[in-house]
Amino acid sequence: MRFVQKTNYAQDVNLFLHNGQRFWYGLLALAVLLAPLVLDRFYLGEFAYLYIWAIAGVGLMLLVGYTGLVSLGHAAFLAIGAYAHAWLLTQGVPFVLSVPLATAFCAIIGYLVGLPALRMTGIYLAIATLAFERIAAWVIEHWESVTGGHFGMRVPDPTVFGMNLDGPVPFYYLCLGILSLSLFAALNLLRSPTGRAFIAVRDSEVSAQSMGINLARTKCTAFALSAAFTGLAGTLFSHRIGYLAPDAFTVQTSIQLLLMVVVGGLGSLQGVVYGAIFLGLLPQAIAIGRDVLPQWIGEIPGLEPGLFGAILVLFLIFEPLGIHGRWVKVRLWFDQFPLYRRATYKRQRSYLRTERVR
Amino acid sequence: MPRVFACRTRRAHTILETLQLLIIGISQGCVYGLIALGFVLIYKATEMVNFAQGDMMMLGAFIAFSLIEAFDWLFAFVPVLGALPGASFAFAFLGTLLVMAAFGVVLERGVLRPMIGEPPFAVLMLTIGLGFVLRAVAGAIWGNQPRALDSPFAGGTFDLGGLIIGYENVAIVVGTALLCGALYLFFRFTRIGIAMQAASQNQLAAFYVGIPVKRVFALVWAISAAIAAAAGILVAPVNLIDPLMGFIGIKAFAAAIVGGFGSLPGAIVGGLLIGIAEPFVALHLPPGLSEVSAFVILLAMLVVRPQGIFPSLQQKKV
């Protein structure tokens, strides 16, 4: 087991705890940077897609995993980001300006959604965000002058200073770059007072308030930042699908985002990436499975969402901390090899005592 | 929605049209109310939120579909029953309620019992996942094409001086009223019903005074699944049955919250409110708005009166 002896206060705020982490994350960075040399077009596209999901997941993780507010409506922010970006591009706004503008627009919408959401928690918030998502989808479907309604709208190619980034390799690097920036921003955010306030609110609203945290402002900030990250993913998503139509963003998309965050592991940024990998690989695995398994299994309609659902159920029952949680346990087992105790992560159950009196 | 009635030259027509829309709204609202009843029942007793309630309704409708076919085949050999028109439907109805109640118990025992004591969010995600699984299972067994239930209520209409009321609408309203009455009596007067109320207020205390909390929970799930099945069978003549029909569960959810989550009469009232609003919005406001009217009502309610029409929360913040 590794003990880091701290000799300096600056070590407390370092991004990496020790040189081992620097080495492994450096290796990972090298691998993803050099990936276009080995991977073909198809897999590059899939990886770029995975990065986009991860960016959206960072947004949702800030809200669900760190602030403890559940949103079933994040597909709306993805859609708003995508449509705002595409509309700005068609109005002649350059790509480098349009992405931040669309992101900022999403942040504003997120802040506005956060305002009424302050009065709710848990299930009420989830259903309210779901309602918001349905209403946003309706607006997108019917505001034809801007969104093209059912016919959808074509998204212009991304061009930066005259360079067309639509090819698989440039687009891969674009997504990778924005994902790295998002992860870095989220990491820094979580080390800042704002991020600490998020976590305090998640763990106990009462104790957070008594430490002087402004609950209303913190929750609204969380919503705005979460919407901004998801909207940023939306701008890239619009280029990825190339043609925006209302049926690209549904309740299913919101649920997939939430599933990604839960399966990856709530309360960890690594979990977002694991979840995105899971979400990106599962369709491939199913496609391979279809060739191997008997035909009648492969022809079941709705097989993919069904498998998603089954995996989600299994994770929630057997590993509520997600893939990241499992990894942490495995690492701890190796760290403390002969002395690992199963009870380390035993969950504390709390039994219901409701405030409802009728 | 029925633009046919949009003839507004005479006042009588307008009244008739309004009544007609009201009837459509009430019967649709009863369906929302029934599904919402299932939500509320489970929430009241176990403080869990079952997002798969709509999908349980879908499953119930499909099981009824298969049972009707089975009984049709069986009764062809039975002289007396074969001659009765609604016999196989009646048997299938009861059979479906039993099958779904058993399914509810299995679900509670297998999937939800391990989740007792977990945060509500985890249970919510779990039931969302469950909904996906149920949809895939139904798709695998019955296929994705919509099917019509062979119901004795389908097609027939009463004509009350120009006012046309379908049998199926009457069946929905009567069925809802009967179920609500039965539930009221059950919770008010039976021993186990009162035990359920106790378990819903304080699990640990109920356990200490000797209420079999686990069995009570299993029973709640059984009742709630049976109600979902009843809703599915009643709505089947109006909407066709297909694996995605459970999505109206989301609107029923809105209904439950509008009514005040945790209140049984609230569920029905909320369902009626949303059900009645829909046809009127469809007629008088821009097209497509009726699909989201339930959510607009929900958001408005959450902003203005978050505890719902019949609040059941005393101190707890919603």
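These numbers come from a predicted model, not from an experiment. (Residues numbered from 1 in each chain as written. Chains lettered and ligands numbered in written order. Predicted model: local features only at pLDDT ≥ 70, side-chain atom pairs only at ≥ 80, totals over all residues.)

1. Examining the overall build of chain B
At step 1: Scanning chain B for helices and strands turns up 12 helices and 2 strands.
At step 2: Reading chain B from its N terminus to its C terminus gives the helix and strand order α-α-α-α-α-β-β-α-α-α-α-α-α-α.
At step 3: Its C-alpha atoms give chain B a radius of gyration of 20 Å, within 12% of the compact-globule value 20 Å for 318 residues.
At step 4: A burial count over chain B gives 51% of its 318 residues as buried.
At step 5: The contacts in chain B between residues at least 6 apart in sequence include a share of 76% that link residues at least 24 apart. (Helix = DSSP H or I, 4+ residues; strand = E, 2+ residues; numbered from the N terminus. Rg over C-alpha atoms; globule rule 2.2 N^0.38 Å. Buried ≥ 20, exposed ≤ 12 C-beta atoms within 10 Å, placed from the backbone. Contact = placed C-beta atoms within 7 Å.)

2. Details of the overall build of chain A
At step 1: Helix and strand counts for chain A stand at 15 helices and 4 strands.
At step 2: Taking 2.2 N^0.38 as the reference for a compact globule, 358 residues should give roughly 21 Å; the C-alpha atoms of chain A span a radius of gyration of 21 Å, in line with that estimate.
At step 3: Taken along the three principal axes of its C-alpha coordinates, chain A extends 60 × 55 × 55 Å.

3. Some thoughts on the nonpolar core
At step 1: Grouped together as the largest cluster of nonpolar side chains are 206 residues, with contacts concentrated most on I52 and I55 of chain A together with A61, M100 and A254 of chain B.
At step 2: Per element, the largest residue contribution to this core is 19 residues, and it comes from helix α9 (residues 213-235) of chain B.
At step 3: When neighbours within four sequence positions are excluded, A61 of chain B is seen to be in contact with L149, G232, I233, A236, I241 and M245 of chain B. (Core = buried A, V, L, I, M, F, W, Y, C linked by C-beta atoms within 7 Å.)

4. Observations concerning helix α14 (residues 303-318) of chain A
At step 1: For α14 of chain A, which comprises 16 residues, the first-to-last C-alpha distance of 22 Å matches the rise-based estimate of 22 Å (1.5 Å per residue) to within 8%.
At step 2: Burial in α14 of chain A covers these residues: P305, G306, F308, G309, L312, V313, F315 and L316 of chain A.
At step 3: Contact partners of the buried residues in α14 of chain A: α11 (251-264), α12 (269-292) and α15 (322-335) of chain A together with α4 (87-112) and α5 (120-142) of chain B. (Expected span 1.5 Å × (residues − 1).)

5. Topic: helix α8 (residues 193-203) of chain A
Residues and elements named next belong to chain A.
At step 1: Listing the buried residues of α8 in full gives G195, A197, F198 and V201. Projection of α8 onto a plane perpendicular to its axis shows the buried side chains occupying an angular sector of 155°, all on one side. In this structure, α8 carries P193 and D203 as exposed residues pointing more than 90 degrees from its buried face.
At step 2: Lining the buried residues of α8 we find α2 (41-66), α7 (168-191), α9 (205-210) and α10 (215-241). (Arc of directions from axis to C-beta.)

6. Brief notes about the environment of I227 of chain B
All names here are of chain B.
At step 1: For I227, the location among the structural elements is in helix α9.
At step 2: Judged by local crowding, I227 falls into the buried class, with 30 C-beta atoms found within 10 Å.
At step 3: Between the C-alpha atoms of I227 and M57, which are 170 residues apart in sequence, the distance is 8.1 Å.
At step 4: Excluding its chain neighbours within four sequence positions, the residues that come into contact with I227 are L34, L37, G38 and L179.

7. A word on the packing of helix α6 (residues 167-189) of chain B against helix α7 (residues 191-201) of chain B
In a packed pair of helices, the relevant descriptors are the angle between the two axes and the axis-to-axis distance.
All names here are of chain B.
At step 1: The interhelical angle for the contact between α6 and α7, taken along N-to-C directions, is 80°, at an axis separation of 5 Å. With respect to α7, the axis of α6 lies roughly perpendicular. Where α6 abuts α7, its residues F186, F187, R188 and F189 lie against G193, M196 and Q197.
At step 2: In terms of residue class, the contact of α6 with α7 is built from 4 nonpolar, 2 polar and 1 charged. (Axes fitted to C-alpha atoms, helices over the stretch in contact; angles between N-to-C directions. Parallel < 35°, antiparallel > 145°, perpendicular 65-115°, else oblique. Nonpolar A, V, L, I, M, F, W, Y, C, P; charged D, E, K, R; others polar.)

8. A look at the packing of helix α10 (residues 248-259) of chain B against helix α11 (residues 264-284) of chain B
All names here are of chain B.
At step 1: Where α10 contacts α11, the two axes come as close as 7 Å, and the packing angle between them is 120°. On the basis of their axis angle, the class for α10 and α11 is oblique. Here α10 and α11 pass one another in a crossing that is right-handed. Note on element contacts: α11 touches α10 through G266, A267, V269, G270, G271, L273 and I274, opposite K251, A252, A254, A255, A256, V258 and G259. (Left-handed = near helix turned anticlockwise from the far one by under 90°.)

9. Concerning the pairing of strand β2 (residues 163-166) of chain B
Residues and elements named next belong to chain B.
At step 1: In this sheet, β2 lies alongside strand β1 (residues 157-160) in antiparallel orientation, the contact comprising 4 bridges. Within the sheet, the bridge partner assigned to L160 lies in β2 and is L163.
At step 2: Hairpin connection from β1 to β2: 2 residues lie between these consecutive antiparallel strands, with G161 at a positive phi of about 55°. (Pairing = 2+ DSSP bridges.)

10. Topic: the confidence of the model for chain B
Residue and element names in this part refer to chain B.
At step 1: Taken as a whole, chain B shows an average pLDDT of 82; of its residues, 92% reach a score of 70 or greater.
At step 2: Highest mean pLDDT in chain B belongs to α4 (90); lowest belongs to helix α3 (residues 79-83) (68).
At step 3: A low-confidence stretch, residues 314-318 stays under pLDDT 50, and its non-local contacts, those more than four residues away or across chains, total 12 contacts.
At step 4: Quick note on the complex model: pTM equals 0.85, ipTM equals 0.81. (pLDDT = per-residue confidence, 0-100.)

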